[in-house]
Amino acid sequence: MRIEGQTTGPPEAQNDDTSPTVMAATEQEPAPVVNGTQAESSDQQRKRGRGDSKKVRRENYNKRQKNEDRMRVRQPVGECNEDEEGEAKERRPKRKVACMIGYCGTGYHGMQINPPQNTIEGDIFNAFVQAGAISKDNSNDPKKSAFMRAARTDKGVHAAGNVISLKLIVEDADIVEKINTFLPAQIRLWGYSRTTKGFECRKHCDSRIYEYLIPTYSFLPPKPGSALAKRIQEMADELPGVTREDPEGAKFWADVGKQVKDAGIEEDDIRAAYAEALEEQALNKKMPQDDGSLKKFLNLSDEQYNQLKQIRAIENAARRAFRISAERLDLVRQALRRYEGPHNFHNFTIGKDFNDPSSRRYMKYLVASDAKIIEGSEWISIKIHGQSFMLHQIRKMIGMVAQVVRCGAPLDRINEAFHRRKINIPKAPALGLLLERPVYANFNERLKSFGRDAVSFDAYNDQMEEFKMKYIYDKIYAEEAKENIFYGFFGFIDNFKGDLHLFDYLTAKGIAEDDTASFTDSTLKEMDEEDMEELEGDNEG
């Protein structure tokens, strides 16, 4: 009986030279069709192991594996294959490596790849592809190469040393030199180290060392007559003996005032307009920059405006000529040491509550160098070594130290900032911040057992110092000399009148218990709208 859907006759021969005898031997009775679906033949059932013992199923499985191995076309590493267009391309082995890099962040929109913005990672990845360290097949997505950074740096922030981990083709002995030829001079690949396959440069990083450069005039007291100076004096009169006296700072401003008078300028006549201009800048951030617009904005006569420019020039020259005393520098160092150890840094970032466990961070050490004179101005370098950092944490730590020293507040205010009460700590300018290097002490112990080099910058110290002087330090010094970034930052705070109690923690009043409930991140947002937007990024220094 013929079942519907069943074919008759022998199956079609697969090879032209198949003999009738072989064909006959391979003929099988077709499987019946049940409910429109062809049932499995006995041979198919046997292959699937139905009805067979465990031993027979294992033997059949082994046979099938051997057949598949014989049929599989193997492509040894290094041999050529052909792409869709018929062109030969070579498959080269990739190795998991840690790349030690350095860069000047000027002109870049931060470290992390962020199309269509110009970023450090974007240029580095393209250089890897152009140098042949990343294949064309993987050139469209960094994730294919397991691309990862040890620390994200924000817009304009530099790094003498940072680490990228990924899978690279590193067969060429001169691969580092090749990659550097495709990088701009302000980005350098120092070298690389072979790692284990599971290495992740961010997760395995024990700690990070940052450096912050700051001119010593940043620790001078607020200018007499400014809003903050008046508030400090008002609270000192009300609560005497709490804040420190500052004869050095008072003498500085007295000398500046004398220079202004010697120039034939009566500052009292234009101080109101001068203070009003700074207040307007602090509240609205719309201070015109060009002379014509600024003069109109201040509603000053030509003579008054020229006198205002003379006052600014005298003050700028005095700040650049300032040399910090040993006592004031020692005070800065004492303040920095208050951060060492484990603390709750919820006040030193944004969007973090006191009860958030991630607010607790451990600082290994903070040290300030001796002062150095660079291009006529005096600077100090502050090294910060911590296990990890949150968004803006370092800049706020520096800002807090500077404000406590310059305002004469007790150093205990730094410790009080670790408590539950919320205070506003302005973040110091990004200009002075750079990542010195990540540290991999624990992971390097593991690498020793594999006979591999440590993930370390020690072999590149000389190159890094030369790079810092040419592409980082010089740019920082030049920009400050041209733009007065640090003066603008402290002038902004000294003349801010939006909330008279916002900086009371810097006065004799301190951090009042009843200030906690009224202060929220929305208050901070009014001073810097960029902060809340940056919460979307990685929480790094």
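Our structure is the block above this text.
What you see is a predicted model; the values in this text were computed from it and never measured.

**Student:** Describe in detail unusual backbone geometry, supporting the description with residues and values.
**Tutor:** A cis amide bond links Pro115 with the next residue in sequence, Pro116, at an omega value of 5°. Relative to the helices and strands, Pro116 is located in the loop between β5 (95–103) and α4 (120–130). Despite not being glycine, Glu375 has its phi angle at roughly 50°, a positive value. If you trace the backbone, Glu375 turns up in the loop between β12 (372–374) and β13 (377–386). Of the residues examined, Glu375 reaches a relative accessible area of 61% and is grouped as exposed. One non-glycine residue, His392, adopts positive backbone phi at about 65°. Turning to its location among the elements, His392 is positioned in the loop between β13 and α12 (393–407). For His392, a relative accessible area of 2% corresponds to the buried category.

**Student:** Summarise the nonpolar core; cite the residues concerned and give the values.
**Tutor:** Ranked by size, the top nonpolar core spans 119 residues in total, and within it Phe128, Tyr339, Ile384 and Met400 carry the most contacts. Of the residues forming this core, the biggest block, nine residues, is contributed by α12. Discounting chain neighbours no more than four positions away, the residues touching Ile384 are Arg208, Ile209, Tyr210, Tyr212, Met363, Tyr365, Leu366, Phe389, Ile394, Met397 and Ile398.

**Student:** Hey, could you go over the pattern of salt bridges for me, with residue numbers and the actual values?
**Tutor:** Per the stated rule, a full pass over the model turns up 24 salt bridges. With a shortest N-O distance of 3.5 Å, Arg413 and Glu416 are connected by a salt bridge. In this pair, Arg413 and Glu416 are both assigned in helix α13 (residues 412–416), three residues apart and thus about one turn of the helix distant. Measuring nitrogen to oxygen at the nearest pair gives 3.7 Å for the salt bridge that ties Lys448 to Glu445. With Lys448 and Glu445 both in helix α14 (residues 441–449) and three residues apart, the pair spans about one turn of that helix. Considered together, Lys448 and Glu445 belong to a single accessibility category, that of exposed residues. When salt bridges that share partners are traced, they join Glu211, Glu436, Arg437, Asp458, Glu465 and Lys468 into one network.

Criteria and cut-off values
- Residues numbered from 1 in each chain as written.
- Predicted model: local features only at pLDDT ≥ 70, side-chain atom pairs only at ≥ 80, totals over all residues.
- Heavy atoms only, no water.
- Helix = DSSP H or I, 4+ residues; strand = E, 2+ residues; numbered from the N terminus.
- Buried < 20%, exposed > 50% of the residue type's maximum accessible area, 1.4 Å probe, protein only.
- Core = buried A, V, L, I, M, F, W, Y, C linked by side-chain atoms within 4.5 Å.
- Contact = heavy atoms within 4.5 Å.
- Salt bridge = Lys/Arg side-chain N within 4 Å of Asp/Glu carboxyl O.

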